Amino acid sequence: MGVPGTEAADRALTRPARRGWAALVAILILAGAGALSVPAVQPPDARPADAPAAQFSAGRAYEHVKAIAATQHVTGSAANDAPREHVLSALRGLGLTPEVQDTVSVQGSDLSSSAGGIGLARVRNVVALWPGTASTGRIFLVAHYDSVQTGPGGNDDAAGTSAILETARALTSGPRLRNDVVLVLTDAEEACLCGAKAFVDQHPLARDGGVVLNLEARGSSGPAIMFETAARNAGLVDVFGHAAHPVGTSFAVEVYRLLPNDTDFTAFREKGFTGLNSAYIDGAAVYHTPLDTPAVMNRDSLQHLGDNVLSLTRELGDRDLPALRSGGDATYFPVPGGLLHYPGSWTWPLALLALAAVLALAVLARRRGLATAPRQIAAFGLTLVPVLAAPVLAQLLWALMKIIRPGYAEMPIDPYRPWGYRLAVVALTAAVVFAWYALLRRRIGPAALAVAGLLWLALLGVVLAALAPGGSYLTALPALAGALAGILAVVLRRGFPAALVLSLGACAGVVILLPTLVMFFPALGMNLAGSGAFIVALLALALLPIVDLLHPEAGGQRGTGALRARRRGALPTLVAIVAMIVAAAVGLSVDRLDTAHPAPTHLMYALDADTGQARWLSASATPTDWTAQYVGDKPATVTDSLPAFGPEELLSGPAQPAGLPAPVVTKTSDTTGAGVRTIALRLTPQRPARLVTLHVAADAQVTSATVGGRQVPVDRTAGGAWGFGFVFHGPPPAGVDVVLTVRAGTPLRVRAMDASDGLSALPGFRERPADVGVVGSHSSEMLAVAQTYTF
């Protein structure tokens, strides 16, 4: 079908006589809506240390942060004793009686961070009960006090642990609540989520379930977003609406389910607990790196985390907790002044109502001669162009930034100061939409394009209602508001009142989608810049009637007047392009990689005690010049010699062997009967080790296994020549006892490995330049030694 001509292209939903003034008023209205909406997703100001005792104070909590995150304190290390003792001392000072849950935990599900086998850890959780007066259930305040091996965890998760300690102080300064409050400061979250798993599986306080409030941080700033809930969350979302500063969206729950991420909350949720999971996530460049220190923390974010957990605990403290699970899921999102939420049962009616309203607008526009059916069909197809093109171009823009600044390649989420680049993505998307609109406006018509934009929003709302119900509101509500405003504008005919109505209708898109953009830019990062561009493009579809006001009348000009109109129509595009270039340039200028903001890189060392050969290994996709001196450029798997690393491909290069002892595997018993062999082994590290691993040759056919006194599943394999295996975090110096049941009649071959951290003492290692940093990876700076044993 050919594109229609231009004879009706001057038909718009509104044609005010004073077009410039109408455009100015519309922009002011939308800017006001944005100015009211953005503060709804910003953290509150931090309170000082002398704030009233009943209030949460980031100033007081920050003192705990400094004590907990004084240095790296990985699970099982001597350094982890200090933060644990600090937590115990702080709780005892509040008159509580904390205990240490010292046990071995098995993380047998896919949550394990061990690519080549089952994850286990010796954990030391800190648990304290504050009894209620007439408890209907228990409220669990959860955070982890361990850190990764590459950083002190100033935010992740000294923030959560400190927020709970300050919350406990504020709670105990007042009267008791009706319900029990249990403080659970877990160990080994970074290793394998084993601390939370140990608590829900083994601790008597977890036996009856309850409501869990988990606190996390995946960055250094930003609002504390409630990004995950358990199922049937309507009651809890209603409670969350009473939090001090509720920030969250049901769409985040839908997105989080698609990501390969888990927190301690997962163990509680899978065990049947209900609850809420919150974190602040901006400033993610420091995540899991040596830069995650107390000094980089935005204390406003800490205040937000603490204000919410304190207010929620008080609110839950006097509720009938079992009744909170009586409803289904809720749809919720931030609005100026609080959190708007409604039952999930409204999702389909609202989505279908939005679609019906847009279709009614389409019929009305055709009957009023504003847009013929062929024009509307053409507009509907062509509206996909900016929606698809903007995300692709945003990804290309970020690819260009990584070419200009190669150090960005190893940043998994965001650069250090991403705001210039985020604004560049917004401007790029605006340029795409403005250019598309200017090219089609005269041929297709403003009314047809406006109806098509709303129709795509409505259809996406229906699709989301089916696939991700918690996100349907994002497009269904702007489509509904825009369609109703469009119908009223057509009924009012031309003039300023119609333009005012369209502006108010477009406010729904701003109020809903602008906070979403603010939350999701840091959530998905510049490496997924296209996701931010997609949200901006959706917002642009809701604003097309206002975009039209930025252009001159669509028809009637000839000769010089037509040329002048085209130039005016191109002006928004040119302004957006200039804004994009300026924003990208500002990003490159402001976010320089230097000694304070080094380019991250990944390196580790592995020694094969069987052959005496050593090699450097790197997971860097584009290694820096410093890394390239150690490794080649052809990645390959290392499963045969290092099964604990699983199928990941790594760059490698020869290294000088270090005089390091391999872990020792000794046989403590061996019995055979009925074609089955049961062999007991002890795996003992010969040096301070963060973890030990053991993998059994695939031909052994392991049918059952016990590790550290715990039965473990045997259906996971490392791949290649190796079958069953495990990774034990924080092993005791005396070793880990292992009992295997295998097929009798064949020798048992096992591969043992231990790993410590720190490469500086190795032969051939050259210290990093000041502007080269460490990637936040669980294998960064790892020093592994492996040996094979046959029994």
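Structural data are supplied above this passage.
In short, a report on the structure. Given the structure is predicted, the values throughout are model-derived calculations rather than measurements.

## Examining the layout of surface pockets
A volume near 890 Å³ is recorded for the second largest pocket. As for the second largest pocket, its lining consists of 32 residues, of which V426, A430, F434, L539 and L543 are closest to the centre. A total of nine residues in the lining of the second largest pocket trace back to one element, the largest contributor, which is helix α14 (residues 419-444). Residue composition of the lining of the second largest pocket, grouped by class: 28 nonpolar, two polar and two charged.

## Quick look at the nonpolar core
Counting residues in hydrophobic clusters, the biggest one holds 112 residues, and the most contacted among them are L13, V425, Y473 and F520. Here this core takes 15 residues from helix α17 (residues 496-524), the largest share from any one element. If near-sequence neighbours (up to four positions away) are discounted, V425 is found in contact with A394, L397, F521, M526, A529, G532 and A533. Of all hydrophobic cores here, the second largest spans 56 residues; its members include I164, V211, M226 and A243.

## Things to note about helix α3 (residues 81-93)
End to end, α3 covers 18 Å across 13 residues, agreeing with the expected 18 Å (1.5 Å per residue, within 8%). Looking at α3, one finds that the buried residues are P83, R84, V87, L88 and L91. Taken end-on, α3 shows its buried residues confined to a sector of 140°, consistent with a single buried face. Contact partners of the buried residues in α3: α2 (58-68), β1 (99-107), β2 (118-130), α4 (158-172) and β4 (180-186). Immediately beyond the C-terminal end of α3, within one or two residues, lies G95, with a positive phi of roughly 85°.

## Looking at the packing of helix α11 (residues 347-367) against helix α16 (residues 473-492)
It is at 8 Å that the axes of α11 and α16 come closest, and there the two elements cross at 30°. Compared by their axis directions, α11 and α16 come out roughly parallel. Crossing of α11 against α16: the hand is left-handed. Side by side, α11 and α16 meet where L350, A351, L353, A354, A357, V358, A360, L361 and L364 of the first sit next to A476, L477, A479, L480, A483, L484, G486, I487 and V490 of the second. Here the contact of α11 with α16 is composed, by residue class, of 17 nonpolar, one polar and no charged.

## What to know about unusual backbone geometry
Of note, the amide linkage connecting D156 to D157 takes the cis form, showing an omega dihedral of 5°. Structurally, D157 is set in the loop between β3 (138-144) and α4. Residues other than glycine seldom take positive phi values, yet Q701 does so here, at roughly 55°. On the secondary structure map, Q701 appears in the loop between β17 (691-697) and β18 (704-707). Owing to a relative accessible area of 45%, Q701 belongs among the partly exposed residues under this scheme.

Conventions we followed
- Residues numbered from 1 in each chain as written.
- Predicted model: local features only at pLDDT ≥ 70, side-chain atom pairs only at ≥ 80, totals over all residues.
- Heavy atoms only, no water.
- 1 Å grid on protein atoms, 1.4 Å probe; cavity = no way out; pocket = protein on both sides within 12 Å on 5 of 7 lines; lining within 4 Å.
- Points joined across faces, edges and corners; volume = space filled by probe spheres on them.
- Helix = DSSP H or I, 4+ residues; strand = E, 2+ residues; numbered from the N terminus.
- Nonpolar A, V, L, I, M, F, W, Y, C, P; charged D, E, K, R; others polar.
- Core = buried A, V, L, I, M, F, W, Y, C linked by side-chain atoms within 4.5 Å.
- Buried < 20%, exposed > 50% of the residue type's maximum accessible area, 1.4 Å probe, protein only.
- Contact = heavy atoms within 4.5 Å.
- Expected span 1.5 Å × (residues − 1).
- Arc of directions from axis to C-beta.
- Axes fitted to C-alpha atoms, helices over the stretch in contact; angles between N-to-C directions.
- Parallel < 35°, antiparallel > 145°, perpendicular 65-115°, else oblique.
- Left-handed = near helix turned anticlockwise from the far one by under 90°.

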